[in-house]
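Structure assessment
Single-letter residue listing:
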Amino acid sequence: MQEERENLAARLLEEVDCGAVYLDAGGKLLFINRRAEELLHVERAKVLGKRVDMLPLRTPIYRVLSENAQDEPVEVSIDGSVIQVRSVPLGGDSPEGELFQLRDISHDRKEKRQREEFVAMMTHDLKSPLTVIMGYVQALMGEMPSKMDPSLHLFVKEMDKSAVKMLSMIDDVLDAYRLEAGLLQIDRQPCDARSLLEGCCRDGEREAAVHGSYFLSEICDGIPTLDLDEKQITRVFANLIGNAVKFTPRRGTISVTSTIEGECLLVQVRDTGIGISESELPRIFNKYFRASGAQGFKGTGLGLTISKAIVEAHGGSIRVESSAGKGSCFSVLLPLHNERCSFTP
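Residues numbered from 1 in each chain as written. Predicted model: local features only at pLDDT ≥ 70, side-chain atom pairs only at ≥ 80, totals over all residues. Heavy atoms only, no water.

An unreviewed UniProt entry lists the protein chain under the name histidine kinase, with Geomonas oryzisoli given as the organism. The Catalytic activity (unreviewed entry) field of the UniProt record for the protein chain holds the comment "ATP + protein L-histidine = ADP + protein N-phospho-L-histidine." (UniProt positions renumbered as here; feature names shortened; annotations may be inferred.)

Here's what the structure looks like:
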């Protein structure tokens, strides 16, 4: 029975798409599967039964098996390919041997490099000319009171507003790629969180007034200085408040409140807007997902995905409660003292 199990395990390891090499406690090579032969350019008949120190020094198999890859995976370059190596001791407190797992991650590395190049291209080719346009629009706005015909004032203001929206959409797309590539940067600095929230609320109140909605805010006292990336956290609350305003009809209400909950700051953005159906709530933070009720409203479907990533990168948590036709409440928890915060189930 034991022999049958060992034979079955060997057959299974032979079929997996991951290279596998097994050394006994004395460093003798007892097993190597087909995929490991391909990755290491070796024939099993020439290496089985040999100790690692008996293998030629410059061969890929010697280089891989002499790596200490138990604590963290190690990447080894072999003939232009990048092989990720991870080893696991077998046998508990008295190891009987060591299993090496090999994966070819060359394709992943190539895709990551292409994404980084795409982000760099987008940054230069889209943001640079848009920044120039915005500069000239700002210059025109500076001339409006005295040197520009009043009939043109509205056109210039709309140009400025549209340019700002376009820049925001480009930033969303860029950050979605940065998020996938693990390049989204968080620069923590001591931050006056109360002042940050009040600034977001002032902007939200002006936006709500244009939409004909009511805006209420209640920011609590006693919020300590927090280590935050001010720009990124401002972006989170600007997005949540902007969504609340956008999806709330005229004469609706948007409210922003904050409280200290233990070692966390809780900020809630509520609205009486279109809401989200129960079936769609689990996907609301997915990239590019837009609720069925949001059809017809402008947006990229990236804002909530990026907001969630930013909050979690600060050790916080975000959740939503909503019902279709009855509005939504987005809640954000941020740690006060660099600890992690999460909502209880």
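Re the overall build of the protein chain
Looking only at helices and strands, the protein chain features nine helices and 12 strands. A compact globule built from 345 residues should have a C-alpha radius of gyration of about 20 Å, whereas the protein chain, at 28 Å, is more than 25% larger. Taken along the three principal axes of its C-alpha coordinates, the protein chain extends 90 × 45 × 40 Å. Evaluated residue by residue, the protein chain yields a buried proportion of 40% over its 345 residues. Relative to all contacts within the protein chain whose residues are 6 or more apart in sequence, the contacts with residues 24 or more apart total 57%. Surface accessibility of the protein chain: about 20100 Å² in total, with carbon and sulfur atoms responsible for 52%. Side-chain charges of the protein chain comprise 42 positive and 52 negative groups, with the mean position of each set lying 5 Å from the other. (Helix = DSSP H or I, 4+ residues; strand = E, 2+ residues; numbered from the N terminus. Rg over C-alpha atoms; globule rule 2.2 N^0.38 Å. Buried < 20%, exposed > 50% of the residue type's maximum accessible area, 1.4 Å probe, protein only. Contact = heavy atoms within 4.5 Å. Areas by Shrake-Rupley, 256 points an atom, 1.4 Å probe, with all protein chains shown as cover. Lys, Arg positive; Asp, Glu negative; His and termini not counted. Charge placed at Lys NZ, Arg CZ, Asp CG, Glu CD.)

A word on the packing of aromatic side chains
Applying the stated criterion across every chain, the model contains one aromatic pair. Taking the centre distance of 6.3 Å and the plane angle of 90 degrees together, the rings of F285 and F330 count as edge-to-face. On the criterion of sequence distance, the pair formed by F285 in the loop between β10 (264–271) and α9 (303–313) and F330 in strand β12 (residues 327–335) is long-range, its members being 45 residues apart. For F285, a relative accessible area of 14% puts it in the buried group. A relative accessible area of 9% places F330 in the buried class. (Phe/Tyr/Trp six-rings, centres within 6.5 Å; stacked < 30°, edge-to-face > 60°.)

A few points about the pairing of strand β3 (residues 74–78)
By the alternation rule, side chains of β3 split into V74, V76 and I78, which are all buried, and E75 and S77, of which none is buried. Counting the residues in the hairpin turn of β3 and strand β4 (residues 81–90) gives two residues, including D79, whose phi is positive at 50 degrees. (Pairing = 2+ DSSP bridges.)

Digging into the state of the cysteines
This model, assessed by the stated rule, comprises one disulfide. In this model C264 forms its disulfide with C341; the gap between the sulfur atoms is 1.8 Å. Here C264 and C341 share a disulfide; its torsion about the S-S bond, -95 degrees, makes the bridge left-handed. On the criterion of sequence distance, the pair formed by C264 in strand β10 and C341 in the segment after β12 is long-range, its members being 77 residues apart. (Disulfide = S-S within 2.5 Å.)

Some details on the packing of helix α8 (residues 230–246) against α9
For the pair α8 and α9, interaxial distance at closest approach is 9 Å and the crossing angle is 140 degrees. Two packed elements cross with a definite hand, and for α8 against α9 that hand is left-handed. Contacts between α8 and α9 involve Q232, I233, R235, V236, N239, L240 and N243 from the former and G303, L304, I306, S307, I310 and V311 from the latter. Looking at the contact of α8 with α9 residue by residue, the class counts come to seven nonpolar, five polar and one charged. (Axes fitted to C-alpha atoms, helices over the stretch in contact; angles between N-to-C directions. Left-handed = near helix turned anticlockwise from the far one by under 90°. Nonpolar A, V, L, I, M, F, W, Y, C, P; charged D, E, K, R; others polar.)

A word on the pattern of salt bridges
Considering all chains together, one arrives at 10 salt bridges under this definition. We note a salt bridge from R35 to E38, for which the minimum N-O separation is 3.0 Å. Residue R35 and its partner E38 are located together in helix α2 (residues 34–40), separated by three residues, close to a single helical turn. You can call R35 buried: its relative accessible area is 17%. (Salt bridge = Lys/Arg side-chain N within 4 Å of Asp/Glu carboxyl O.)

Regarding the sheet that holds strand β9 (residues 253–261)
On the basis of which strands lie adjacent, the open sheet formed by five strands has the order β7-β9-β10-β12-β11 and mixed pairing. For this open sheet the edge positions go to β7 (214–218) and β11 (317–323), each flanked by a neighbour on one side alone. In this sheet, neighbouring strand axes are inclined to one another by 15 degrees on average, regardless of whether the strands run parallel or antiparallel. On top of the sheet, α9 reaches β11 and β12; it is set at about 25 degrees to β12, its chief contact.

Quick word on the side chain of S255
Relative to the helices and strands, S255 is located in strand β9. Given the relative accessible area of 16%, S255 is considered buried. The residues contacting S255, other than those within four sequence positions of it, are L216, Q268, V269 and R270.

Considerations on the sheet that holds strand β2 (residues 29–32)
The strand order β2-β1-β5-β4-β3 describes an open sheet built from five strands, whose pairing is antiparallel. The open sheet has two free edges, formed respectively by β2 and β3, since each of these has just one partner strand. When the angles between neighbouring strand axes are averaged without regard to direction, this sheet yields 25 degrees. For strand β1 (residues 19–24) and β2, the ladder comprises three bridges, and the chain directions are antiparallel.

What about the environment of C329?
Turning to its location among the elements, C329 is positioned in strand β12. Dropping the residues within four chain positions of it, C329 is found in contact with Q268, V269, R270, R319, V320 and E321.

Considerations on the side chain of S213
Its place among the elements puts S213 in the loop between α7 (193–211) and β7. Taking relative accessible area as the criterion, S213 reaches 10% and is therefore assigned buried. At a separation of 3.4 Å, a polar atom in the side chain of S213 contacts the main-chain carbonyl oxygen of P249. (Polar contact = N/O pair within 3.5 Å; in protein donor to acceptor, adjacent residues only side chain to side chain.)

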